[in-house]
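Tertiary structure, described
For reference, the chains in residue letters:
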Amino acid sequence: VQAESCTERDLRNEGSSALIPRGACTDLAFISGGPSAVTLDRLFRGLASQKYSKLQSLDFRRQQLDSKAIKSICAYMVSGSKAAPRVQMLYLGGSSLRDPTVWRSVLGVVGDSSTLKVLGLENTGISTEQAVELAASIQKNQHMELELIDVSHNDRIGEVGVKALVNAVLTRSTRFSGRTTK
């Protein structure tokens with residue numbers, strides 16, 4: 001599939017309750033402010049209605065999404081929608097994942113996705129305990145083809161969290177990108 005990037009400016013109304021990307025968008029990036037959960041729900045309804053969505057990447061880096069927005073994204077990723085299974089790259093960098101219910105939603109995506117190849121969690125404030133939980137989810141999901149996980153700029157991961165992730169990565173042949181401090 002030829003990659004075609006688009007932003008929130010390329011979304012169009014599909015009726016009163018749905019948004020869809022214009023053209024054959026494969027990489028959707030939000031660049032001018034984090035979308036609300038309502039906007040995301042409209043987008044995901046629109047994507048679910050598209051018979052042959054080509055969307056492969058959802059990029060929310062630096063958007064500082066609120067917990068409702070992150071939960072909406074995660075719910076879509078595990079929804080079983082025709083479009084959701086094609087999403088291979090999810091970038092949540094810059095949004096806080098410290099809320100336990102938000103974190104459980106992210107773990108649900110890691111535990112249930114069979115197509116997720118890239119997961120961007122840079123600068124999300126994850127802790128040692130969260131890194132250990134993430135590692136367990138990576139190891140548990142035998143169907144996932146995760147190739148890259150970015151946990152850079154998460155200073156709370158610590159040595160135990162890094163070791164857990166590295167072990168998960170080594171058993172899954174996943175590339176690891178992370179710079180942490182003690």
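In this report, the structure presented in the accompanying data block is examined. These figures come from a predicted structure and were not determined experimentally. (Residues numbered from 1 in each chain as written. Predicted model: local features only at pLDDT ≥ 70, side-chain atom pairs only at ≥ 80, totals over all residues. Heavy atoms only, no water.)

1. Points about the overall build of the protein
Heads up, the rule is: Secondary structure is summarised from DSSP: a helix means a run of H or I of at least four residues, a strand means a run of E of at least two, and numbering begins at the N terminus for each. When accessible area is computed with a 1.4 Å probe and restricted to protein chains, residues below 20% of their type maximum are described as buried, those above 50% as exposed, and intermediate ones as partly exposed. Residue contacts follow a heavy-atom distance rule, with two residues in contact if any of their heavy atoms lie within 4.5 Å. Using the Shrake-Rupley algorithm and a 1.4 Å probe, accessible areas are obtained, with residue cover drawn only from the displayed protein chains.
Secondary structure assignment for the protein yields five helices and nine strands. Reading the helices (α) and strands (β) of the protein from amino to carboxyl end gives β-β-β-β-α-β-α-β-α-β-α-β-α-β. Every one of the 182 residues in the protein was classed for burial, and the buried ones make up 49%. Considering only contacts in the protein between residues 6 or more positions apart, those separated by 24 or more positions represent 75%. Carbon and sulfur atoms provide 48% of the accessible area of the protein, an area that totals close to 8,900 Å².

2. With respect to the state of the cysteines
Worth spelling out the cut-off: By disulfide we mean two sulfur atoms from cysteines, separated by a distance within 2.5 Å.
Applying the stated criterion across every chain, the model contains one disulfide. One disulfide bridge connects Cys-6 with Cys-25, the sulfur atoms lying 1.9 Å from each other. Given an S-S torsion of about -70°, the disulfide between Cys-6 and Cys-25 has left-handed geometry. Of this pair, Cys-6 sits in strand β1 (residues 5-7) while Cys-25 sits in the loop between β3 (19-21) and β4 (27-29), and the two are 19 residues apart along the sequence. Taking the relative accessible area as the measure of exposure, Cys-6 reaches 4% and is therefore buried. A relative accessible area of 5% means that Cys-25 is categorised as buried.

3. Some words on the packing of helix α2 (residues 67-77) against helix α3 (residues 100-112)
To describe two helices that pack against each other, one gives the angle between their axes and the distance between the axes. Quick reminder of the rule: Between N-to-C directions, angles span 0 to 180 degrees; the directions come from axes that are lines fitted to C-alpha atoms, helices contributing only their stretch in contact. Should an angle fall under 35 degrees it is taken as roughly parallel, and over 145 as roughly antiparallel, whereas 65 to 115 is taken as roughly perpendicular and any remaining angle as oblique. Handedness of a crossing follows from how the near helix is turned relative to the far one, being left-handed for an anticlockwise turn of less than a right angle and right-handed for a clockwise one.
It is at 9 Å that the axes of α2 and α3 come closest, and there the two elements cross at 20°. Taken together, α2 and α3 sit at an angle that is classed as roughly parallel. The hand of the α2/α3 crossing is left-handed. The segment α2 lies against α3, with Ser-67, Ile-70, Lys-71, Cys-74 and Met-77 engaging Thr-101, Val-102, Ser-105, Val-106 and Val-109.

4. Section: the packing of α3 against helix α4 (residues 128-140)
To keep things clear, this is the line we draw: Residue polarity follows a fixed list, in which Ala, Val, Leu, Ile, Met, Phe, Trp, Tyr, Cys and Pro are nonpolar, Asp, Glu, Lys and Arg are charged, and the others, Gly among them, are polar.
Following both chains from N to C, one finds α3 and α4 inclined at 25°, their axes separated by 8 Å at the closest point. Comparing the axis directions of α3 and α4 gives the class roughly parallel. Of the two possible hands of crossing, α3 and α4 adopt the one that is right-handed. Across the interface between the two elements, Trp-103, Arg-104, Leu-107, Val-110 and Gly-111 of α3 pack against Gln-130, Glu-133, Leu-134, Ser-137 and Ile-138 of α4. Taken together, the residues that form the contact of α3 with α4 break down as five nonpolar, three polar and two charged.

5. Here we look at the packing of aromatic side chains
Selection rule: Note on aromatic pairs: the rings of Phe, Tyr and Trp (six-membered ring only in Trp) are paired at centre separations within 6.5 Å, and the planes decide the class, stacked below 30 degrees, edge-to-face beyond 60, tilted for the rest.
For the structure on display, the rule yields two aromatic pairs. On the basis of an interplanar angle of 20° and a centroid distance of 5.2 Å, the ring pair of Phe-30 and Phe-60 is categorised as stacked. A residue pair is termed long-range when its members are at least 10 positions apart, and Phe-30 in the loop between β4 and α1 (37-49) and Phe-60 in the loop between β5 (57-59) and α2 qualify at 30 residues. Of the residues examined, Phe-60 reaches a relative accessible area of 0% and is grouped as buried. Ring centres of Phe-44 and Tyr-76 lie 4.1 Å apart, and the angle between their planes is 5°; on these two criteria the pair is classed as stacked. Here the residue Phe-44 occupies a position in helix α1, and Tyr-76 occupies one in helix α2, the gap between them amounting to 32 residues.

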